[in-house]
Amino acid sequence: MARRPEIQWLKRPPDEPRVPYFRHSSPVREAKEAIEVQVKHGSVALHTHSLAADDDDDEVDESAFSAGGDAWVRLNVGGQVFSVSRQTLTLDEHSVLGRMFAVDGALPSARDDSGAVLVDRDPVYFRVILSYLRSGKLLMDNDISLEGVKAEAEYFQLKGLLMLIHSHKTPDLTRSQLIAQRGTITSFEGVRLMGVDLAHLSFTEERFYKARMERVDLTDTNLASCTFRKTSLAHACLIDADCRYAKFSESDLSSACLRHADLPYAQFTAVNLSNASLRDAFCAGTLFQKSCLRGADFTGAVLMQAKFQDCDLRNATLMPREYAGENRYFNVHFTGADIRGAIVNWTDVGKLEKALFRHAKVTEEEYLQIPLSEEQKLFLELHVVQGAQSISSFDDFSEDHSY
């Protein structure tokens, strides 16, 4: 892991008075008497830094800044370089960034070797800060911690962003309000139900579009034939939920718990189910095509006739149970899936008359460790990945075995 650059803030002598912002006549003068900004517990301390008097000996990279509102600034934030207009950085003039990069002030002099201004913060969260300044909206991926964004908003004193974060965390309805208004609610589009207890309720055939339902409790809830499109259900609890024929498309169920859930013929199309628990779930005929199931746990689940074509199943636990006297992998489609690192009972796979693993990816080491004969391995038609290259066990195999 690369070491993050450190900002070397200059120390002001105890007897040296504070110096307010003032306009400099040129970028070179700005660089020679730059204002250092240090944030300490929400307060900003201003110091001056006097450089050598000889202009010829100083090499100032003026490409990182210039006078005027249209200037562009290069920022090195935790090792990642951002190019941002000064106008964007100063949209909130009362924020730390607004004061640091005020048009009538000097830029901080702490730079990296390329001349970019050094900022010792996390670039992951700083990207969200920039998105807010550019759009006025809270735009962030689901894998980014909202608490981390809040901490950065507090650090940079962005009150508008803090208000958005607060509204982002507050659900539109409580459980009692939802029950009381159940007959009058005509749409769940964009509804925010984060963390709300909806256990043991019924939402049959309801449509949820772009709903926010992170950490919602749907234990033993009737969701049969419901539609969830572009809905966030990350870390949601769906233990014992009835999801028969439910449709989940382009939704986020990362780290969701679907233990013992009833999922026959449910559709999870292009869904994020990474690290989700589906232990003992009933997934007969369930569609998971083109979904991310990395690290998902299917221990004890029923997967008969489930479809995992083109799924990312890396490091998943694929140890279902037998059902109705059939092989645990009976008619389960893994065509084109990435199963590298996944736990599979290859002995049971070898007992199938028709194993649907064509083009499924495994590493060369995993392929060699499969406890089957070479003929049985060839019958599987696996795609063997060897380093950056790949070979296929079906390259020389008869097309008569394809399904």
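Residues numbered from 1 in each chain as written. Predicted model: local features only at pLDDT ≥ 70, side-chain atom pairs only at ≥ 80, totals over all residues. Heavy atoms only, no water.

Undergrad: Looking at this structure, how should I read the overall build of the protein chain?
TA: Secondary structure summary: the protein chain contains 10 helices and 14 strands in total. Looking at the protein chain as a whole, 47% of its 403 residues are labelled buried. Within the structure as shown, the protein chain displays about 20400 Å² of accessible surface, and the carbon and sulfur contribution to it stands at 47%. (Helix = DSSP H or I, 4+ residues; strand = E, 2+ residues; numbered from the N terminus. Buried < 20%, exposed > 50% of the residue type's maximum accessible area, 1.4 Å probe, protein only. Areas by Shrake-Rupley, 256 points an atom, 1.4 Å probe, with all protein chains shown as cover.)

Undergrad: What exactly am I supposed to notice about the sheet that holds strand β3 (residues 72-77) here?
TA: Two modes of strand pairing occur in sheets, parallel and antiparallel, and in both the strands are linked by backbone hydrogen bonds. Spatially, β4-β3-β5 is the arrangement adopted by the 3 strands of the open sheet, whose pairing is mixed. The sheet terminates laterally at β4 (80-85) and β5 (117-119), the two strands that pair on one side only. The sheet shows a mean angle of 35° between the axes of neighbouring strands, direction not considered. Where β3 meets β5, 3 bridges bridge the pair, whose relative direction is parallel. Counted as the bridge partner of N76 is L118 from β5. Strands β3 and β4 of the sheet are contacted by helix α4 (residues 123-135), whose axis makes an angle of about 10° with β4. (Pairing = 2+ DSSP bridges. Axes fitted to C-alpha atoms, helices over the stretch in contact; angles between N-to-C directions. Contact = heavy atoms within 4.5 Å.)

Undergrad: What's the story with helix α5 (residues 146-155) in this structure? I'm lost.
TA: L146, G148, V149, E152 and A153 are the residues of α5 that are buried. Angularly, the buried residues of α5 cover 160° about the axis, an arc narrow enough to put them on a single face. Measuring from the backbone nitrogen of E147 back to the side-chain oxygen at the start of α5 gives 3.3 Å, which picks out S145 as the cap. In the stretch just after α5, Q157 is the one whose phi turns positive, near 60°. (Arc of directions from axis to C-beta. Polar contact = N/O pair within 3.5 Å; in protein donor to acceptor, adjacent residues only side chain to side chain.)

Undergrad: Which parts of the structure should I look at to understand the packing of α4 against α5?
TA: Between two packed helices, the angle of one axis relative to the other and the distance separating the axes together describe the packing. In the contact formed by α4 and α5, the axes pass within 9 Å of each other and the chain directions differ by 65°. With respect to α5, the element α4 is oriented roughly perpendicular. Considering only the axes of α4 and α5, their crossing is right-handed. Side by side, α4 and α5 meet where Y125, V128 and I129 of the first sit next to G148, V149, E152 and A153 of the second. For the contact of α4 with α5, a count of residues per class yields 5 nonpolar, 1 polar and 1 charged. (Parallel < 35°, antiparallel > 145°, perpendicular 65-115°, else oblique. Left-handed = near helix turned anticlockwise from the far one by under 90°. Nonpolar A, V, L, I, M, F, W, Y, C, P; charged D, E, K, R; others polar.)

Undergrad: It is not clear to me how the pairing of β4 should be interpreted in this structure. Could you clarify?
TA: Working note: regular strand, side chains alternate between the two faces of the sheet. In this structure, β3 lies alongside β4, joined through 6 bridges in antiparallel fashion. Among the inter-strand pairings, W72 is bridged to a residue of β4, identified as S85.

Undergrad: Sorry, what's going on with the packing of aromatic side chains here?
TA: Geometrically, a pair of aromatic rings is defined through the distance of the ring centres and the angle of the planes. Enumeration according to the criterion identifies 18 aromatic pairs in this entry. Measuring from ring centre to ring centre gives 5.9 Å for Y245 and Y265, while their planes differ by 15°; the resulting arrangement is stacked. Taken together, the positions of Y245 in the loop between β7 (227-229) and β8 (247-249) and Y265 in the loop between β8 and β9 (267-269) put the pair 20 residues apart, joining distant regions of the chain. A centroid spacing of 5.5 Å and a plane angle of 90° characterise the contact between F298 and F308, whose relative ring orientation is edge-to-face. Taken as a pair, F298 in the loop between β9 and β10 (317-318) and F308 in the loop between β9 and β10 lie far apart in primary sequence, 10 residues in all. Accessibility assignment for this pair places F298 and F308 in one class, buried. Through a chain of ring-to-ring contacts, the aromatic side chains of F188, F203, F208, F228, F248, F268, F288, F298, F308, F334, W346 and F357 assemble into a single cluster. (Phe/Tyr/Trp six-rings, centres within 6.5 Å; stacked < 30°, edge-to-face > 60°.)

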